[in-house]
Each structure stands twice: as structure tokens, then as C-alpha cells.
Amino acid sequence: MVISNSPLVSPDKYMGVNPRLKIETFQEKCPVAAGEDVIKGLTQTPKTLPAKYFYDDRGSLLFEKICALPEYYVTRTEAKILQDYASEIAHLTGPCEIVELGSGSSTKTRILLEAYQELDHPLHYLPIDISGGILEQSAYDLLKDYPKLNIHGIVSTYETALKNLNPSPLPARMIGFIGSTLGNLKPSECHVFFSHIVEALQQGDYFLLGVDLHKSESILVPAYDDSQGVTAEFNLNILRHLNNIFEGNFNLQQFEHWAFYNQTEHQIEMHLKSLRSQTVELKKLNLAIELATDETIHTEISRKFELEKIQEELRDLGLVSLKTWTDENQWFGLILCQLQGN
């Protein structure tokens with residue numbers, strides 16, 4: 001993989017606006033190399049696409065809309081947990097740099113920043129997101145509201161960003177992976193992801209993890225197939241994104257969103273179903289694929305967890321749980337871990 005260490009925009013632009021802001025981007029220079037996972041996914045049976053391709057700027061904005069939907073319980077439930085316990089988190093960690101994976105609009109991060117600010121801790125925030133547009137906008141908004149905040153943003157995938165973290169400017173670092181994004185990873189991918197977290201931390205550093213817990217199918221399915229069709233639009237946007245970066249000719253009108261709960265695997269699955277027999281090309285990848293009527297492309301899973309099992313997996317890697325918090329319905333869990341030596 002070829003990585004570029006050039007800023008998202010000119011450093012002079014950022015420094016001229018606010019010296020408390022720095023944004024870097026680490027990305028593949030060659031889009032064809034970046035599309036090897038697309039080729040692999042679309043040429044296997046059943047067809048799949050990596051969830052990371054949801055998140056161009058438009059996809060990120062659509063996801064923000066999903067988070068505000070009445071059916072999507074995840075965001076408001078976790079936000080309430082943070083509101084209730086952010087002060088306790090700040091007391092447990094003391095002064096620390098806050099690193100957030102998949103920062104988006106950083107809405108829930110504000111709850112944490114408020115807690116650390118109330119304790120008069122220095123505020124250092126390192127957002128990581130694959131969408132440069134939403135990361136940049138949210139950074140400017142945060143700087144206006146928090147005069148003592150310093151931001152070092154990284155536009156990148158999680159794995160690449162974690163490998164390129166500089167030493168924390170504060171006594172400790174806390175990597176936050178809040179929301180329910182862990183559920184998008186298969187069990188084997190979870191283990192690899194946690195290993196990357198451990199490698200990015202020093203002994204005594206912290207990991208704050210949000211996990212969506214088992215619950216009724218009647219609550220789960222509407223959260224991923226909402227009445228307004230926003231989730232469907234988000235799912236279809238992955239095809240628009242591929243069209244843009246790989247010169248594709250996916251016709252979004254010839255696909256429909258399909259979401260269901262897989263009771264065996266304890267996960268929501270999202271697919272795009274082909275409404276007709278069709279051929280699709282991605283010119284930059286020199287790829288042509290055939291889709292039969294009703295054939296699907298699997299775009300995302302959202303696994304649901306048990307707190308005890310996740311804590312056990314983390315503990316095996318040296319991430320020892322200090323405290324867990326849940327809401328009154330036991331729908332969502334927040335785990336604060338600390339990296340400890342053998």
C-alpha cells in the first residue's frame with residue numbers, strides 16, 4: 001500500500017485560520033490498488049462490498065441523518081449513557097488525549113470534552129475519519145466552541161491511522177470507538193482490530209468501546225430499515241461512491257435495499273438486491289460483473305454483543321475492563337478498558 005503523508009489541504013490554510021488545528025491525510029495514491037477489495041468482493045459468491053465504501057462525504061452525511069431517526073435507538077441511547085457517566089470517565093482516566101475512530105460530526109465527543117473541561121484538564125482531540133469533508137467541518141465547529149481545544153485530525157482508514165499516531169502530548173491516551181461500529185466487523189476482524197488498538201497504546205492508556213447489545217428483532221429491524229428510507233439511501237450510496245471513484249455504471253434504480261436480522265449469527269445484515277438481470281462495469285478496475293434478478297450484494301453486518309464475552313476477549317489482549325455502563329433497558333453498553341502489562 002502506498003501512503004501519502006500530505007495534508008488534506010494546504011497547511012497554510014489551517015494555520016492561517018487557527019493554529020490549534022492540524023489535519024493530515026494518509027491515503028493510497030493509486031485508486032486501482034484501493035479497489036482490490038472491491039474486485040475480490042464482487043467476483044465471489046455471494047457478492048460483497050467492504051463497508052468502508054459507504055463513507056464518502058455524502059455517505060457520512062446520510063449516516064448522520066440515520067443517527068437522528070426515531071427508529072435508530074443506538075445514538076440517543078449511547079448519548080444518554082455518556083451524559084450520565086462522562087464525568088466518571090474523565091475522573092478515571094485523568095488528563096488524556098482523546099482519539100476517536102470514525103469521528104463523523106463528533107457530536108457525542110462533545111459530551112466527553114465537556115466532562116474533561118469541567119475538571120480543567122487540557123483538551124487534545126485526535127479525530128480519525130475516512131471522510132475528509134465532515135472531519136474538517138466538525139473540527140472548525142469544535143474549535144469555535146472550545147477555546148482551549150487542540151485538534152490533530154487524520155483522514156484515513158482506522159488501521160493506517162493507528163499505525164501513524166504520534167506519541168500523546170498528555171500523560172495518557174484514550175482511544176474511543178463509540179457508536180456500534182464494532183458490530184460491522186466479523187469475529188476474526190474484531191480480534192485483528194483489537195490487536196491494532198493494543199499496538200497504538202502504551203501501558204496505562206485507555207480504550208473506550210461502545211457495543212450494541214442483544215435485543216428484540218422488533219426493535220432491531222426498523223433501526224436498519226426506517227420508514228423514511230434514509231437507511232436505504234445510505235445503502236444505495238455505496239454504489240454511487242463506486243461509480244465516482246472507479247468510473248462505474250451502477251444504476252441505482254435497478255437495486256433495492258434489503259435488511260433483516262440473522263438470528264443464528266445474532267446480526268443485522270444489509271444487502272442490495274438486483275431488480276433485474278444486468279451487467280455492471282467499473283472501468284478503472286477493468287471489471288465487469290453479471291447480476292441475476294434478485295441476486296444480492298452484501299454490504300454490511302451489524303453484530304449484537306454480550307458484555308461479558310467482549311470483556312473476556314479484551315482481557316485476553318491485556319485490555320482490562322475498569323468499568324462498564326449500560327442504559328436502563330440494557331440495549332447498549334459502554335466499556336472503559338486500560339492496557340495493562342502481563
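Residues numbered from 1 in each chain as written. Predicted model: local features only at pLDDT ≥ 70, side-chain atom pairs only at ≥ 80, totals over all residues. Heavy atoms only, no water.

## Remarks on the sheet that holds strand E2 (residues 21-25)
Strand order in the open sheet made by the eight strands is E2-E7-E6-E5-E8-E9-E16-E15, with mixed pairing throughout. The open sheet has two edge strands, E2 and strand E15 (319-326), and neither has a second partner. Averaged over all pairs of adjacent strands, the angle between their axes in this sheet comes to 20°, without regard to strand direction. Where E2 and strand E7 (residues 149-155) come together, five bridges link them in parallel fashion. Looking at E7, one finds that Lys 22 is bridged to His 152. Seen against the sheet, helix H5 (residues 73-93) touches strand E8 (173-177), strand E9 (206-212), E15 and strand E16 (332-339) and runs at an angle of roughly 30° to E16. (Pairing = 2+ DSSP bridges. Helix = DSSP H or I, 4+ residues; strand = E, 2+ residues; numbered from the N terminus. Axes fitted to C-alpha atoms, helices over the stretch in contact; angles between N-to-C directions. Contact = heavy atoms within 4.5 Å.)

## Regarding the side chain of Arg 173
Following the sequence through the fold, Arg 173 ends up in strand E8. Side chain to side chain, Arg 173 and Glu 97 meet in a polar contact 2.8 Å long. Look past the residues within four positions of Arg 173 in its chain and what remains in contact with it is Cys 96, Glu 97, Val 99, Leu 165, Asn 166, Pro 167, Ser 168, Ala 200, Leu 201, Asp 205 and Tyr 206. (Polar contact = N/O pair within 3.5 Å; in protein donor to acceptor, adjacent residues only side chain to side chain.)

## Quick look at the nonpolar core
Judged by nonpolar contacts, the single largest core of 72 residues is most densely connected at Val 38, Leu 42, Ile 89, Met 174, Phe 250 and Leu 282. Top element by residues in this core is H5. It accounts for eight residues. Residues within four places of Leu 282 in sequence aside, it is in contact with Val 38, Leu 42, Leu 242, Phe 246, Glu 247, Gly 248, Phe 250 and Leu 287. Counting 30 residues, the second largest nonpolar core, distinct from the first, contains Leu 182, Val 211, Leu 213 and Ile 310. (Core = buried A, V, L, I, M, F, W, Y, C linked by side-chain atoms within 4.5 Å. Buried < 20%, exposed > 50% of the residue type's maximum accessible area, 1.4 Å probe, protein only.)

## With respect to the state of the cysteines
Inspection of the entire model under this criterion finds zero disulfides. Unpaired in this structure, Cys 190 has its nearest cysteine sulfur neighbour in Cys 337, at a distance of 13 Å. (Disulfide = S-S within 2.5 Å.)

## What to know about unusual backbone geometry
Thr 45 connects to Pro 46 through a cis peptide bond whose omega is -5°. At Asp 120, a residue that is not glycine, the phi angle is positive and equals roughly 60°. You can see Asp 120 is positioned in the loop between helix H6 (109-118) and strand E6 (123-129). At Asp 294, a position not held by glycine, the phi torsion is positive, near 75°. Structurally, the position occupied by Asp 294 is in the loop between strand E13 (287-291) and strand E14 (296-303).

## Regarding H6
It helps to recall that an α-helix has 3.6 residues per turn; residues three or four apart then point in one direction. Among the residues making up H6, those that are buried are Thr 109, Ile 111, Leu 112, Leu 113, Ala 115 and Tyr 116. Count one or two residues on from H6 and you reach Asp 120, which has phi positive near 60°.

## Notes on the packing of aromatic side chains
In the structure shown here, the tally under the stated rule is 17 aromatic pairs. Measuring from centroid to centroid gives 5.7 Å for Tyr 55 and Phe 234, while their planes differ by 55°, and the two rings are tilted. With a gap of 179 residues between them, Tyr 55 in the loop between strand E4 (47-48) and helix H4 (57-67) and Phe 234 in helix H11 (residues 230-246) connect regions that are remote in the sequence. Aromatic pair Trp 258 and Phe 260: ring centres 4.8 Å apart, planes at 35°, arrangement tilted. For Trp 258, a relative accessible area of 34% gives the class partly exposed. (Phe/Tyr/Trp six-rings, centres within 6.5 Å; stacked < 30°, edge-to-face > 60°.)

## Observations regarding the environment of Thr 109
Here Thr 109 shows up in helix H6. On the basis of relative accessibility, which here comes to 2%, the residue Thr 109 falls in the buried class. Within the structure, the side chain of Thr 109 is placed 2.2 Å from the side chain of Glu 100, a separation counted as a polar contact.

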